[in-house]
Amino acid sequence: MSKEEMFKELADAVISCKKDAVDAAVEKARSEGIEPAEIIEKGLAAGMNEVGIMFERGKLFLPHVMLAAGAMESGVTILEADMPKDTASKKLGVIVNGTVEGDVHDIGKSIVSTMLQSAGFEVHDIGRDVPLQDFIDKIKETNADMVGLSALMTTTLPGQKAVIEMLKEQGLRDNIKVMVGGAPATENWAKKIGADCYAENASEAVAKAKELLV
Amino acid sequence: MGMPIAHIMTSGMSGIRAAGDLVARMEFSKSMRIGEAKEYVAKKLDVSTIDLSDEYVMREIREDLGIGVITSVAGAPKGIAAKMNIEKLLDIKINSCERFRKQIA
Amino acid sequence: MTTEYTTRMGDGQRIFMTREQILADLKEGMADATDLGEIPDLSEDELDKLVDIIAMPARMVGVEPGKEVPVTHDIGTIRIDGDQGNSGVGIPSSRLVGVMMHERAFGADTMELGHIDYSYKPVKPVISNEQQTMEVCQQNTIVPLLYGAMPNLGLYYTPDGPFENPGDLMKAFKIDEARASIEGAAKHATRDITWIMQKMMASGADGINFDTIGAAGDGDMFASLHAIEALRKEFPDIYIEAGMAGELTLGLHGDLQYDGKVLAGMWPHQQAEVVSKAGANIFGPVVNTNTSRSAAWNLGRAVTFVKAAVKASSIPCHVNMGMGVGGIPMFETPTIDAVSRASKAMVEVAGVDGI
């Protein structure tokens, strides 16, 4: 079996959402002598990426995304034994994600958290209607690389701007990327308030987080 | 707030200014598609379907039939009274009229 | 020099495009819809018509005489008095005044009574007030007057409701528990909506508007379909409008079915079928606006989805065309040029039965 075929088998195993299939494909790839980093990047992560696309296209659903993520995690655990200690279990980045104060909308933000987590980020979802200072506190506590600020109402949108101002005031802005999203947020709004990116949906959030952090 | 007014101006049937409420009632009460609903109402009113959105045509018809107009014509049926006349015109039952009848029975 | 026409981005800002650029964006938006929904392309004539509509040299456009359709303003009764900071205008008045202004001054074809929180669950503690208002409104209005709100399954999850948040459970890989939570919440929502409408029908309501079905995923739709079914059974003549939250039914549960069909992953033409089967009179397809794309791209996409739904549906389709849906820019005060063009396109190209 060629390397490309092996990567496809690994990706397909993730897409099947079956842990046993992923474990078997990983063991097979190991026995073929493929580097763990390649197995993860070109096989498992590629499969997870496809799962994200299928979710956006309505072909797979949130439970499948989580099952696929769980299966991938199991495969990565097998590979950790072959990897240098400092690279094993390394996440793509740490992201604090939440819906700003005054806004009780939870579901869209929650889907974004799930997709980011599934894509390999360490995600700290701090919920909805989050007091703005809590974003700052969590960023400090987790030494986050990115903060995701969600708002579903025009009335709560200014909360995104306020968090950015607070980051500046506390000298944290240069060390963290800011992503904004939610129905009333736009690319122009993101530029206006000095966010690093705007994401239209969950898969775009994953793509932009990877662009900025990986 | 201005957005629905823009829709009404662009595409709407003008409600009780013309015959929009009547066509809507047939869509809702009998699940008629727009073409069928317009045909049905036009036949009942003995007008063409294009007349249903024509305020000039419908103003007089509405007053004559007692099915409600936007101006305060003294003594003309309004509210439930106008809807009772709509029931007869369109051969349908309207819930608020049914409730009203039960209350006075 | 090539002529450029004033048009809009999905966030409302003014841009200039040539006819060729407009057509290219319309085609790209259409292709996105046909690819996702596995539905047919618009014809060349329809695309040309959309280009003409967008490029019309007038601030406001209108449908051809004779092609008008019923237009409603859901939640309109509280748009005069209500001020949620994004759509109400906060002019002190009552809901009766709101409905009468829409009927007599604005020319609305149907109306809806709703309350300021606009979800079904919080209606329960204020049901008597809602009944009283419905009775007063029914005595004074002529157009069909529905009661409307959002099914909003989110209110049944912690911290707002008794069921654990399925999003949190899912993130902790507790998938079975998350699904059980969604199923439990759906049962409660069905019961609440049915109970509320029993009361509102006793007060003379013409019927019910389900606003934003599926906003909380497939469980939200499951609850709504069962409420529609129960209401149709109890009130054979009730008017039922089933308006969606988006073009895709998000699969948070993934396995919920209605009439043997999996709800998750449904596109508008598929949603129309189950909504009709449950007993609704009117289907309200929704296609969300992408703020990073042009009005042409959004309109091409929205008209393609809605046209397929209109064709597949056995009941009238009233497309949702509020802020940020149906090709309307996502902006608090959507520009009249964009609104009237999207409106005309939906009537004349998608063939909707109402708005």
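Reading the values: rules and limits
- Residues numbered from 1 in each chain as written.
- Chains lettered and ligands numbered in written order.
- Predicted model: local features only at pLDDT ≥ 70, side-chain atom pairs only at ≥ 80, totals over all residues.
- Heavy atoms only, no water.
- Helix = DSSP H or I, 4+ residues; strand = E, 2+ residues; numbered from the N terminus.
- Rg over C-alpha atoms; globule rule 2.2 N^0.38 Å.
- Buried < 20%, exposed > 50% of the residue type's maximum accessible area, 1.4 Å probe, protein only.
- Contact = heavy atoms within 4.5 Å.
- Areas by Shrake-Rupley, 256 points an atom, 1.4 Å probe, with all protein chains shown as cover.
- Lys, Arg positive; Asp, Glu negative; His and termini not counted.
- Charge placed at Lys NZ, Arg CZ, Asp CG, Glu CD.
- Polar contact = N/O pair within 3.5 Å; in protein donor to acceptor, adjacent residues only side chain to side chain.
- Phe/Tyr/Trp six-rings, centres within 6.5 Å; stacked < 30°, edge-to-face > 60°.
- Salt bridge = Lys/Arg side-chain N within 4 Å of Asp/Glu carboxyl O.
- Nonpolar A, V, L, I, M, F, W, Y, C, P; charged D, E, K, R; others polar.
- Pairing = 2+ DSSP bridges.
- pLDDT = per-residue confidence, 0-100.
- Axes fitted to C-alpha atoms, helices over the stretch in contact; angles between N-to-C directions.
- Parallel < 35°, antiparallel > 145°, perpendicular 65-115°, else oblique.
- Left-handed = near helix turned anticlockwise from the far one by under 90°.
- Expected span 1.5 Å × (residues − 1).
- Right-handed = clockwise from strand over helix to strand, strands pointing away.

Attention now goes to the overall build of chain C. Summing up its helical and strand segments, chain C has ten helices and ten strands in all. Taking 355 residues into account, the globule formula puts the C-alpha radius of gyration at 20 Å, and chain C, at 20 Å, falls close to it. Seen along its three principal axes, the alpha-carbon backbone of chain C occupies a region of about 65 × 50 × 35 Å. In chain C, which comprises 355 residues, the share counted as buried stands at 65%. Partitioning the contacts of chain C with sequence separation of at least 6, the portion at a separation of at least 24 is 72%. Surface accessibility of chain C: about 12100 Å² in total, with carbon and sulfur atoms responsible for 51%. One way to put it: in chain C the 28 positive side-chain charges average out to a point 1 Å from where the 48 negative ones average out.

We now examine the environment of C:His115. Residue and element names in this part refer to chain C. Mapped onto the secondary structure, His-115 falls in the loop between strand S4 (110-113) and helix H4 (127-140). A C-alpha to C-alpha distance of 30 Å links His-115 and Lys-344, two positions 229 residues apart in sequence. Dropping the residues within four chain positions of it, His-115 is found in contact with Ile-78, Arg-95, Pro-122, Val-123, Glu-130 and Tyr-147. A distance of 2.9 Å separates the side chain of His-115 from the backbone oxygen of Ser-119, its partner in a polar contact.

Moving on: the packing of aromatic side chains. All names here are of chain C. Throughout the structure, instances matching the rule amount to three aromatic pairs over all chains. A centroid spacing of 6.1 Å and a plane angle of 50° characterise the contact between Tyr-120 and Phe-210, whose relative ring orientation is tilted. A residue pair is termed long-range when its members are at least 10 positions apart, and Tyr-120 in the loop between S4 and H4 and Phe-210 in strand S6 (residues 207-213) qualify at 90 residues. Look at Phe-210 and you get buried, because its relative accessible area is 0%. With a centroid separation of 5.4 Å and 10° between ring planes, the pair formed by Trp-267 and Phe-305 is classed as stacked. Placement of Trp-267 in the loop between strand S9 (261-262) and helix H8 (268-278) and of Phe-305 in helix H9 (residues 295-312) is noted, with a sequence separation of 38 residues between them. Its relative accessible area of 4% is what places Trp-267 among the buried residues.

Of all two pairs of chains sharing an interface, the pair with the highest contact count is chains B and C. A gap remains between chain A and chain B, which never touch, and the nearest two C-alpha atoms on either side lie 15 Å apart.

Turning to the interface of chain B and chain C, a few remarks are in order. Between chain B and chain C, the contact holds 45 residues from the first and 63 residues from the second. Between chain B and chain C we count two salt bridges in total. A salt bridge links B:Arg25 to C:Asp206, with the nearest nitrogen and oxygen atoms 3.1 Å apart. Linking chain B with chain C are 31 residue pairs in polar contact (both at pLDDT 80 or more), by the criterion used here. Sorting the residues of the side of chain B that touches chain C by element identifies helix H1 (2-11), helix H2 (20-30), helix H3 (34-45), helix H5 (79-90) and helix H6 (95-104) of chain B as the ones contributing at least two each. Per element, the largest residue contribution to the side of chain B that touches chain C is nine residues, and it comes from H1(B). Each residue belonging to the side of chain B that touches chain C can be placed in one class, and the counts come to 22 nonpolar, 14 polar and nine charged.

In this section: the interface of chain C and chain A. Across the boundary between the two partners, chain C contributes 35 residues, which contact 32 residues of chain A. Applying the counting criterion to the chain C and chain A interface returns four salt bridges. Linking A:Arg57 and C:Asp35 is a salt bridge whose minimum nitrogen-to-oxygen distance equals 2.8 Å. In this assembly, chain C and chain A are joined by twelve residue pairs in polar contact (both at pLDDT 80 or more). Taken together, the elements giving at least two residues each to the side of chain C that touches chain A come down to helix H1 (19-37), helix H5 (166-171) and helix H6 (175-202) of chain C. When grouped by side-chain class, the residues that make up the side of chain C that touches chain A number 14 nonpolar, 14 polar and seven charged.

For the rest of this paragraph, the subject is the sheet that holds strand S7 (residues 239-244) of chain C. Residues and elements named next belong to chain C. Reading across from one edge, S3-S4-S5-S6-S7-S10 is the order of the six strands in this open sheet, with parallel pairing throughout. At either end of the open sheet lies a strand with only one pairing partner, and these are strand S3 (72-73) and strand S10 (282-284). Summarising the sheet, strand S5 (residues 145-149) and S6 pair through four bridges and their orientation is parallel. Directly across from Leu-146, in S6, lies its bridge partner Gly-207.

Time to look at the confidence of the model for chain C. The predicted model of chain C has a mean per-residue pLDDT of 95, with 99% of residues at 70 or higher. Interface confidence for the predicted complex, given as ipTM, is 0.97, next to a pTM of 0.93.

Attention shifts here to the packing of H8(C) against H9(C). Residues and elements named next belong to chain C. The N-to-C vectors of H8 and H9 enclose an angle of 30°; their axes lie 7 Å apart at closest approach. The pairing of H8 with H9 is recorded here as roughly parallel in orientation. For the pair H8 and H9, the crossing hand works out as right-handed. Across from Pro-268, His-269, Ala-272 and Glu-273 in H8, the residues of H9 making contact are Phe-305, Ala-308, Ala-309 and Ala-312. By residue class, the composition of the contact of H8 with H9 is six nonpolar, one polar and one charged.

Residues and elements named next belong to chain A. Read across the open sheet, the five strands follow the order S2-S1-S3-S4-S5; overall the sheet is parallel. Only two strands of the sheet have a single neighbouring strand rather than two, namely strand S2 (122-125) and strand S5 (197-198). As judged from the five bridges shared by strand S3 (residues 146-150) and strand S4 (residues 177-181), these two strands associate in the parallel manner. Following the sheet pairing, Val-147 is matched in S4 by Val-178. Its contacts with the sheet place helix H9 (residues 202-213) against strand S1 (94-99), S3, S4 and S5, and it is angled at close to 165° to S4.

What follows is about H4(C). With 14 residues, H4(C) should reach 20 Å at 1.5 Å per residue; the first-to-last C-alpha distance of 20 Å fits that figure. Residues of H4(C) that are buried sit in contact with H5 and H6 of chain B together with helix H3 (95-106), S4, S5 and H6 of chain C.

Residues and elements named next belong to chain C. Within S6, seven of the seven residues are buried, which leaves it mostly tucked inside the rest of the structure. Alignment of S6 against S7, held across five bridges, turns out to be parallel. Counted as the bridge partner of Gly-207 is Tyr-239 from S7. Note that the unit made of S6, helix H7 (residues 218-234) and S7 has a crossover that is right-handed.

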